[in-house]
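Now for the letters of each chain:
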Amino acid sequence: MNKKFKELVGNTLIFALGSLGSKLIVFLLVPLYTNLMTPSEYGTAELVFTIAQMLFPFVSVVIFESVLRYGLKNELRKEDVLLCAFVVILFGSVLTVLFTPLFRFYPAVSNWKWYICAYVVAYMVTSVELVYLKVRDKNKLFALFSVLQTLILASANILFLAVYKKGIEGYLLSNVLSHVGTAVLCALFGGVVKDLFHARFSPALLRQMTLYSLPLIVNNISWWLIHSADKIMIEWRLGESELGVYTVATKIPALVNIAAQIFSQAWGISSIKEYDSSNDASFFSSTFKYYTFLVFLACILGITAVKPLLRIYVGKEYFEAWKLVPLLLVGAIFSAVSAYFSRLYSAMHKNKNVMFTTLLAAAVNIAGNFFFIGTAGTYGAAAATAVAYAVMAHIQMADVSRFLKFDKALPRYFLSCSLIVGQAIAATLDWHIYIVSATAIIAFLWVNSPVIRDVICGLKKRGKSAGKNTDNRD
């Protein structure tokens, strides 16, 4: 395994320790939510965060992406990059406070508008500080703080939901406190405050960082539309209870997204370093091959297990959510593929390409939700989401392939896609779900047998190399 792959794998494992620990805790909290909150309450609480996530890109100017890109430039002082980001956060926080009273015109969230404000401000600070830890190569500290953030969330949820029975208010307060607590930890123990004291403000750098991240506002809003427009339209056309059930269904695909996010954090660093140095196309192609294999495997196993899992995982009022999961899992794998190419766009300074592709996918999602929710309900929303992510991923793939060749990996990729989509449709219809799933798993492993052999050979070589090193030391 060469140095580039070792660094990528090493960073991925570090981020995995943080993300898996934190996401597993969040996953285990869902039974708490579904047994202590009605579908209507849970739907309303999720709607509040959906609105907050819509506001976030506008007021933050997605400046944390600039922190990663410019913080990794050797010719720039990392402290100066951090200071510029906090200047943006200060202005964004003021705008958020001024904008918050307008939410009184949206009855569904009007009672919770100041929770939206607090969440957005805390989320801005936390996002910048956590990315800055990666810039400083403090990846282990990043992983630790990610776990601590979730432990704060879990503790607060148990206290406010199970003990004090605070319902929606307890759920919202817990999420806000988890971000505030993490921001304080990063500031005091991550070196953020210390580095800010040593920073020099550069208007030119602030301008460069802002211009870099501006196109990403549209990109992030487009992502929000793809990811969350269905929730807004479900609440509008079907009500909070249907939204609560649909929200539970999205928690299972979030497990696939965990794998994608873990990899994406490490890939964001490796792709920038590789593109800025040797720009080795074979490295990008090989990474794509192994990455998609793992994501697809997680999806195909998830579809197989979803029905018995939800029987024991959620309250009875939420069990029917299992039928929505297969299509949402398909959307999750295409979202993961898109995340891979989005990081390449970032490395190539082609953020406008990201903006256009996600904007198109957002339009597809909105149109799909508008037409399908009325005829197929929440199933229509799940299908529209899957189609939108598929459109985005494959347009980005075609575009990036003009610069980096992935030809050898694509036939196997598209065969795997066909197997998973077929399995998902059968599962949604509850048509011989286990027979179809077993057939899909066997076919998937056969199609990807060359990838599996490569992985096994790589592990054997690494084991022999480690053995030789041990003998030499002896």
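Small disclaimer: the values here were computed from a predicted structure and weren't measured. The residue numbers shown here count from 1 along each chain, following its written sequence. With pLDDT at 70 or above as the cut-off, local features in this predicted model cover only qualifying residues; side-chain atom pairs require 80 or more to be listed or tallied, and sums for whole chains, interfaces and linings still use all residues. The side-chain figures draw on all heavy atoms in the structure; neither hydrogens nor water molecules are used.

Asker: How should I be thinking about the overall build of the chain in this particular structure?
Answerer: Think of it this way: any DSSP run of H or I at least four residues long counts as a helix, any run of E at least two long counts as a strand, and we number them from the N terminus. In terms of regular secondary structure, the chain is built from 18 helices and zero strands. Only protein chains enter the accessibility calculation, which uses a 1.4 Å probe. A residue is then buried if its area is under 20% of the maximum for its type, exposed if over 50%, and partly exposed in between. Sorting the 474 residues of the chain into buried and exposed places 56% on the buried side. Nonlocal contacts in the chain, meaning residues at least 24 apart in sequence, comprise 84% of its contacts between residues at least 6 apart. Carbon and sulfur atoms form 67% of the exposed surface of the chain, whose accessible area is close to 20700 Å². By definition in these notes, contact holds between two residues if any of their heavy atoms fall within 4.5 Å. Each accessible area value is a Shrake-Rupley result obtained with a 1.4 Å probe; residue values ignore everything except the protein chains displayed when judging cover.

Asker: Can you walk me through the packing of helix α3 (residues 63-71) against helix α5 (residues 113-135) in this structure?
Answerer: To characterise two packed helices, one gives the angle between the axes of the helices and the distance between these axes. Every axis in this analysis is a line fitted to C-alpha atoms, fitted for helices over the stretch in contact. Angles between the N-to-C directions lie between 0 and 180 degrees. With their axes 9 Å apart at the nearest point, α3 and α5 run at an angle of 15° to one another. Classified by the interaxial angle, the pair formed by α3 and α5 is roughly parallel. Helix-helix and strand crossings are classified by hand; for α3 and α5 the assignment is right-handed. In this structure, α3 contributes Ile63, Phe64, Val67, Leu68 and Gly71 to the contact, and α5 contributes Ser127, Val128, Val131, Tyr132 and Val135. In this scheme, roughly parallel covers angles under 35 degrees and roughly antiparallel covers those over 145, while 65 to 115 is roughly perpendicular and the rest are oblique. Each crossing gets its handedness from the near helix: less than a right angle anticlockwise from the far helix is left-handed, clockwise is right-handed.

Asker: Honestly, the nonpolar core in this entry has me stumped. Any pointers?
Answerer: Most often, soluble globular proteins keep nonpolar side chains buried together rather than apart. Among buried residues, those of type Ala, Val, Leu, Ile, Met, Phe, Trp, Tyr and Cys that are joined through side-chain atoms within 4.5 Å constitute a nonpolar core. Of all hydrophobic cores here, the largest spans 136 residues; its most connected members are Val67, Val128, Leu310 and Phe334. Those residues in contact with Val67, other than ones at most four positions away along the chain, are Val81, Ala85, Val128, Val131, Tyr132, Val135 and Met209.

Asker: Looking at this model, I keep getting lost on the environment of Phe296. Mind explaining?
Answerer: The residue Phe296 is located in helix α12 (residues 281-313) in this model. Placed 33 residues apart in sequence, Phe296 and Leu329 show a C-alpha to C-alpha distance of 9.7 Å. Look past the residues within four positions of Phe296 in its chain and what remains in contact with it is Ile333, Val337, Tyr413, Ser416, Cys417, Ile420 and Phe444.

Asker: For this particular structure, what's the right way to read the packing of aromatic side chains?
Answerer: In this description, an aromatic ring pair is defined by two values, namely the gap between the centres and the angle between the planes. Stacked, edge-to-face and tilted labels apply to pairs of Phe, Tyr and Trp rings (six-membered ring for Trp) whose centres lie within 6.5 Å, assigned for plane angles under 30 degrees, over 60, and everything in between, in that order. Using the criterion set out here, one finds 21 aromatic pairs in the structure. Here the aromatic rings of Phe288 and Tyr413 are separated by 5.7 Å at their centres, their planes lie at 45°, and the arrangement is tilted. One end of the pair, Phe288, is in helix α12; the other, Tyr413, is in helix α16 (residues 410-428), with 125 residues separating them in the sequence. Just as Phe288 is buried, Tyr413 falls in that class too. Here the aromatic cluster, defined as three or more aromatic residues joined through ring pairs, consists of Tyr33, Tyr42, Phe49, Phe56, Phe64, Tyr119, Tyr123, Tyr171 and Tyr318. Here the guanidinium or amino end of Lys134 rests over the ring plane of Phe142, the centre of that ring lying 5.1 Å away. Arg237 extends its terminal NZ or CZ atom over the ring of Trp236, reaching a point 5.9 Å from the ring centre. Working rule: Lys NZ or Arg CZ, within 6 Å of ring centre, within 35 degrees of ring normal, means a charge sits over the ring.

Asker: What is the right way to look at the side chain of Lys113 in this model?
Answerer: With respect to the helices and strands, the residue Lys113 is situated in helix α5. Positive: Lys, Arg. Negative: Asp, Glu. His and the chain ends are not part of the count. The salt bridge criterion pairs a side-chain nitrogen of Lys or Arg with a carboxyl oxygen of Asp or Glu, the two atoms within 4 Å. For the buried residue Lys113, which engages in no salt bridge, the nearest side chain bearing the opposite charge is Glu169, 13 Å off. Excluding residues that lie within four positions of it along the chain, Lys113 makes contacts with Thr100, Pro101, Phe103 and Arg104.

Asker: Teacher, can you tell me more about the confidence of the model for the chain here?
Answerer: Do not read the fine detail of predicted coordinates wherever pLDDT is low. Within the chain, residue pLDDT values average 86, and 84% of them lie at 70 or more. Within the chain, helix α4 (residues 78-99) carries the highest mean pLDDT (96), whereas helix α11 (residues 253-276) carries the lowest (62). One number per residue, pLDDT, summarises how confident the predictor is, and it ranges from 0 to 100.

Asker: Looking at this structure, I do not really get the packing of helix α2 (residues 39-60) against helix α9 (residues 203-237). What am I missing?
Answerer: Between α2 and α9, the shortest axis-to-axis distance is 9 Å and the interhelical angle comes to 160°. Here α2 is positioned roughly antiparallel relative to α9, judged by the angle of their axes. Handedness of the crossing formed by α2 with α9: left-handed. Facing α2, whose interface residues are Glu46, Leu47, Thr50, Ile51, Gln53, Met54, Pro57 and Phe58, α9 presents Ile217, Asn220, Ile221, Trp224, Ser228, Lys231, Ile232 and Glu235.

Asker: Would you mind going over the pattern of salt bridges with me for this structure?
Answerer: Charged atoms that come close allow side chains of opposite charge to pair. What the rule picks out here adds up to eight salt bridges. With a closest N to O distance of 3.3 Å, Asp454 and Lys289 form a salt bridge. A residue pair is termed long-range when its members are at least 10 positions apart, and Asp454 in helix α18 (residues 449-473) and Lys289 in helix α12 qualify at 165 residues. Judged by relative accessible area, Asp454 falls into the partly exposed class, the value being 35%. Between Arg402 and Asp399 there is a salt bridge, with the nearest N and O atoms lying 2.5 Å from each other. Using a relative accessible area of 55% as the deciding quantity, one classes Arg402 as exposed. Since its relative accessible area comes to 14%, Asp399 is described here as buried.

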